[in-house]
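What follows is the residue order along each chain.
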Amino acid sequence: GFHMDGFEQRKASIEQPTTSETDMYEQPFVIGVAGGAASGKTAVCDMIIQQLHDQRVVLVNQDSFYNNFSEEELTRVQDYNFDHPDAFDTEQLLRVMDKLKHGEAVDIPKYDFKTYKSDVLRRVNPSDVIILEGILVFHDQRVRELMNMKIFVDTDADVRLARRIRRDTNEKGRDIGAVLDQYSKFVKPAFDDFILPTKKYADIIIPRGGDNHVAIDLIVQHIRTKLGQHDLCKIYPNLYVIQSTFQI
Ligand code: CTP
C-alpha cells in the first residue's frame, strides 16, 4: 500500500547518496569575505576566528596574490591600479585553494604594502574552515564556486575613506596627498565598477563590519551547525540523507 511506497522511496534514497553530496561534506568549509577597502573585513574575520577557537581555521588573504613587479615597474607604482581584478594572480590563488581543499599544506606569500613585494612565505596547514578575504574575492566565478558561505562587509564610503587615510598615512607611511589621489583615481571607480557589483553574490551582507556583533554571532552559529553536520557525516555517511528525507 501507500505506506510501503513511502518507505521504499526513503530506503532507496538512504542507500544511494549522490557523490556530489558526499564530496561536499569531506572538504573544508570555505567562507568568502569581500567588501570595499578598509570596510572592516579583517575585523570580521578576526572575530569569526576568535569565536571558532575550538576549530581549525585558516585565513587566506587575497593580498597575498598581488602580482609582483619588476624593478622598472616599481618606479611607477603611483600609476598602478591595485583595485582592479587584473592586479591579482587569480590562477595562483585557485591552485592554493585547490590544495587546501584537498588536505595539502601550502606556502602562501605575505604581501608587504611598503615594498610592494611578497618574498616571505607562510606555511598554511589544511583545516576545517578556510576564510578567504579580500576586496575582489567574489569577482571570479571559479573562486566563488569554492565558497560554502559568502559574506559582504558593507560600510559607508566616508567611513572607508577616513579609515584608509588613517591607515595608509600611519601604517604604510604614505603621504596624504598621494592617498587622496589614489582614492579618486583608482579606489573609488574600482569599487563602483568591480567590487559593489559582486555584492549580489553574497549570502549575508553585514552592515558596519566588525562593529556588528549580532551578525557575527549569527554567522558563527551557522558555521557551527554546518561543522556539526560535517562531523556526524564522517561517522555516519548516510545520516544527512536520513535527515533530509524525514524532513520532506
Ligand atoms: N593597496 C595599496 N598598495 C599596494 C597594494 C594594495 O594601497 N601596494 C590597496 C589597494 O588599493 C586596495 C587595498 O590595498 O584598495 C586592499 O586592501 P584592504 O581591503 O584595504 O585591506 P584589508 O585590511 O583587508 O581591509 P579591511 O579594512 O576591510 O580589513
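Not measured: the values here are computed from a predicted model. (Residues numbered from 1 in each chain as written. Predicted model: local features only at pLDDT ≥ 70, side-chain atom pairs only at ≥ 80, totals over all residues. Heavy atoms only, no water.)

Thoughts on the site of the ligand
The condition is simple: Near, as used in this document, describes a residue that has one of its heavy atoms within 4 Å of the molecule or strand being considered. Definition of a polar contact: a pair of N or O atoms within 3.5 Å, with one able to donate and the other able to accept a hydrogen when the atoms are protein atoms, and with sequence-neighbouring residues admitted only if both atoms are side-chain atoms. Shrake-Rupley sampling with a 1.4 Å probe provides the accessible areas, and residues are treated as covered by the protein chains on show and by no other component. Put simply, DSSP marks the helices as runs of H or I at least four residues long and the strands as runs of E at least two long, and each gets a number from the N terminus on. Under the scheme applied, nonpolar residues are Ala, Val, Leu, Ile, Met, Phe, Trp, Tyr, Cys and Pro; charged residues are Asp, Glu, Lys and Arg; polar residues are all the others, including Gly.
Around the ligand sit 19 residues, and of these K41, T42, D83, E133 and R167 come closest. A distance of 2.4 Å separates an oxygen atom of the ligand from a polar side-chain atom of D83. Within the side chain of Q182, one N or O atom sits 3.3 Å away from an oxygen atom of the ligand. With the chains in place, 94% of the 630 Å² that the ligand exposes on its own is no longer accessible. Looking at the shell around the ligand, the elements that each hand over two or more residues are α3 (41-51) and α7 (157-170). A breakdown of the residues in the shell around the ligand according to their chemical character gives 8 nonpolar, 5 polar and 6 charged.

Re the pairing of strand β1 (residues 29-35)
Rule in force here: Accessibility here uses a 1.4 Å probe with only protein chains present; expressed as a share of the type maximum, an area under 20% marks a residue as buried, one over 50% as exposed, and anything in between as partly exposed. DSSP-based pairing: two strands are paired if at least 2 bridges between them are found.
Counting buried residues in β1 gives 7 out of 7 residues, a clear majority hidden from the surface. By the alternation rule, side chains of β1 split into F29, I31, V33 and G35 and V30, G32 and A34, which are all buried. With 5 bridges connecting them, β1 and strand β5 (residues 129-133) associate as parallel partners. Bridging from a neighbouring strand, V30 pairs with I130 of β5. With 5 bridges connecting them, β1 and strand β6 (residues 149-154) associate as parallel partners. Its bridge partner being in β6, A34 is matched across the sheet by F152.

Digging into the environment of D89
Quick note on the threshold: Contact definition: two residues touch when any of their heavy atoms are within 4.5 Å.
For D89, the position within the fold is in the loop between α4 (71-74) and α5 (90-101). Leave out the neighbours within four places in its chain, and D89 touches F65 and N67.

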